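If you want the building blocks of each chain, they are given just below.
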Amino acid sequence: ATPMSIMVATGKGAGMGVLFRNAEAIETLRKVDTLVVDKTGTLTEGRPRLVDVVPAGGFEAAEVVGLAASLEQGSEHPLAAAVVEGAKARGVALDPVSGFESHTGKGVSGEVRGRKVLLGNARLLEEAAIEPGPLGEKAGAMRREAKTVMFLAVDGRMAGLVAVADPIKETTPGAIAALHGEGLRVVMLTGDNRATAEAVAARLAIDEVVAEVLPEQKAEAVERFQAQGRVVAMAGDGINDAPALARADVGIAMGTGTDVAMESAGVTLVKGDLTGIVRARKLSRAAMRNIK
Ligand code: ADP
Ligand code: MG
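Under the annotation held in an unreviewed UniProt entry, the chain carries the name Heavy metal translocating P-type ATPase and is attributed to Dissulfurirhabdus thermomarina.

What follows is the structure, encoded as structure tokens:
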């Protein structure tokens, strides 16, 4: 494209909340045939709310919420905010935590009132050699409702679970439909549980799900599609997504997300609305037409 047509596309984009960082993004977008999207904060609002508390092993619901929220005070994950706010809303007091540890892509652990407490996903339980027991089935049912489940273990035994729901953004279904209309393959990429991810994907008619990926594996997933000869755009909002955004042929950051994501992407959608990708592709096609 000519410098002039790049300037025009950049200007028009800015006017509609699509910020291009470089000419390469404008030139490549029209060639994209696969869109890989992060789930939390990109397809969904990214503001999960605590919706279920299931106690077990003689614990009470308030204790489960209290222990979970106490641990999560030390985490910056959106799930942590949901649990802490849920405790506040229920009037449950929090305790101090010692020896806090964050296990990326798995959960959190620490000592509360002299007890060893663990909160996180099935992988975290497995690593601690704790069996979920009957809570495992409860978790399965909740995941099929698109909820994210966190297990709570105290001193090596199951104490309950908490579940959060993160609503799909109002603009997401229309955006996915429009991208499908352009013949793009849409793939969800998430650290969340497979069943939860598939429940969300089914509601959006997403073509493929890559779930339970650790943050450092997100870029590898993008590479795998590229190795198949696909031209890949990756859309995401989190620090976790930054390497995958940088790796993709075009990285697309949500303006509602983290600065790190925006710095790693060629395009930023100011309002965090995926419909911007359809508009961005139109600008890309128009800019490239000018050279022929
Ligand atoms: P993504 O941002 O793609 O949804 P993450 O890699 O951040 O995924 O997290 C993956 C999973 O790890 C979460 O779904 C959750 O089960 C678990 N997890 C991560 N952080 C926490 C936390 N602070 N508390 C509880 N569970 C967590
Ligand atoms: Mg996210």
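Now that the structure has been shown, we can carry on.
A. Region of interest: the overall build of the chain. Counting its secondary structure elements, the chain contains 13 helices and 13 strands. The dimensions of the chain, computed from C-alpha atoms along their principal axes, are 70 × 30 × 30 Å. The buried share of the chain, reckoned over its 292 residues, is 47%. Taking all contacts inside the chain whose residues are at least 6 apart in sequence as the whole, residues at least 24 apart take part in 60%.

B. The arrangement of the sheet that holds strand β12 (residues 250-254) in detail. Taken together, the 7 strands give an open sheet; going across it, the order is β1-β13-β12-β11-β2-β9-β10, and neighbouring strands pair in mixed fashion. If you trace the sheet from one side to the other, it starts and ends with β1 (18-20) and β10 (208-210), each paired once. Taking the axes of each pair of neighbouring strands and ignoring which way they run, one obtains an average angle of 20° across the sheet. When strand β11 (residues 232-236) meets β12, the two strands line up parallel, connected through 4 bridges. Looking at β12, one finds that M234 is bridged to G251.

C. View of the sheet that holds strand β5 (residues 107-112). With respect to topology, 6 strands assemble into an open sheet ordered β3-β8-β7-β6-β5-β4, the strand pairing being antiparallel. Pairing within the sheet leaves two strands with one partner each, and these edge strands are β3 (49-55) and β4 (98-103). This sheet shows a mean twist of 15° between the axes of neighbouring strands, independent of strand direction. The sheet contact formed by β4 and β5 spans 4 bridges and is antiparallel. For S98, the partnering residue across the bridge sits in β5 and is E111.

D. Quick look at helix α4 (residues 61-72). Along its 12 residues, α4 runs 17 Å from first to last C-alpha, staying within 8% of the 16 Å computed at 1.5 Å per residue. In terms of burial, α4 is largely enclosed, as 9 of its 12 residues are buried. Taken as a whole, α4 has its buried residues at V64, V65, G66, L67, A68, A69, S70, L71 and E72. Those residues of α4 hidden inside the fold are in contact with β3, α5 (78-89), β5, β6 (115-120), β7 (148-154) and β8 (157-165).

E. Region of the structure containing the nonpolar core. L35, V36, A233, M234, A248, I252 and V267 are the most contacted members of the largest nonpolar core, which has 49 residues in total. Residue contacts for A233: discarding those within four places in its chain leaves L29, V32, L35, A248, D249, V250 and I252. Judged by nonpolar contacts, the second largest core, of 37 residues, contains V53, V84, L118 and L119.

F. Examining the packing of helix α8 (residues 172-181) against helix α13 (residues 275-289) more closely. Across the interface, α8 lies against α13 with an axial gap of 7 Å and an inter-helix angle of 35°. Residues G174, A175, A178 and L179 of α8 touch α13, and the partners they reach there are T275, I277 and V278. When its residues are assigned to classes, the contact of α8 with α13 shows 5 nonpolar, 2 polar and no charged.

G. Fine view of unusual backbone geometry. The backbone of A129 sits at a positive phi, close to 55°, despite the residue not being glycine. Take A129: it is sitting in the loop between α6 (122-127) and α7 (135-143). Residue A129 is classed as exposed on the basis of its 7 C-beta neighbours within 10 Å. Residues other than glycine seldom take positive phi values, yet E212 does so here, at roughly 60°. With respect to the helices and strands, the residue E212 is situated in the loop between β10 and α10 (218-227).

H. Region of the structure containing the site of ligand 1. Taken together, 23 residues form the shell around ligand 1, and within it S75, H77, G107, N121 and G191 come nearest. The residue inventory of the shell around ligand 1, partitioned by class, reads 6 nonpolar, 12 polar and 5 charged.

The rules behind each value
- Residues numbered from 1 in each chain as written.
- Chains lettered and ligands numbered in written order.
- Predicted model: local features only at pLDDT ≥ 70, side-chain atom pairs only at ≥ 80, totals over all residues.
- Helix = DSSP H or I, 4+ residues; strand = E, 2+ residues; numbered from the N terminus.
- Buried ≥ 20, exposed ≤ 12 C-beta atoms within 10 Å, placed from the backbone.
- Contact = placed C-beta atoms within 7 Å.
- Pairing = 2+ DSSP bridges.
- Axes fitted to C-alpha atoms, helices over the stretch in contact; angles between N-to-C directions.
- Expected span 1.5 Å × (residues − 1).
- Core = buried A, V, L, I, M, F, W, Y, C linked by C-beta atoms within 7 Å.
- Nonpolar A, V, L, I, M, F, W, Y, C, P; charged D, E, K, R; others polar.
- Near = placed C-beta within 6 Å.

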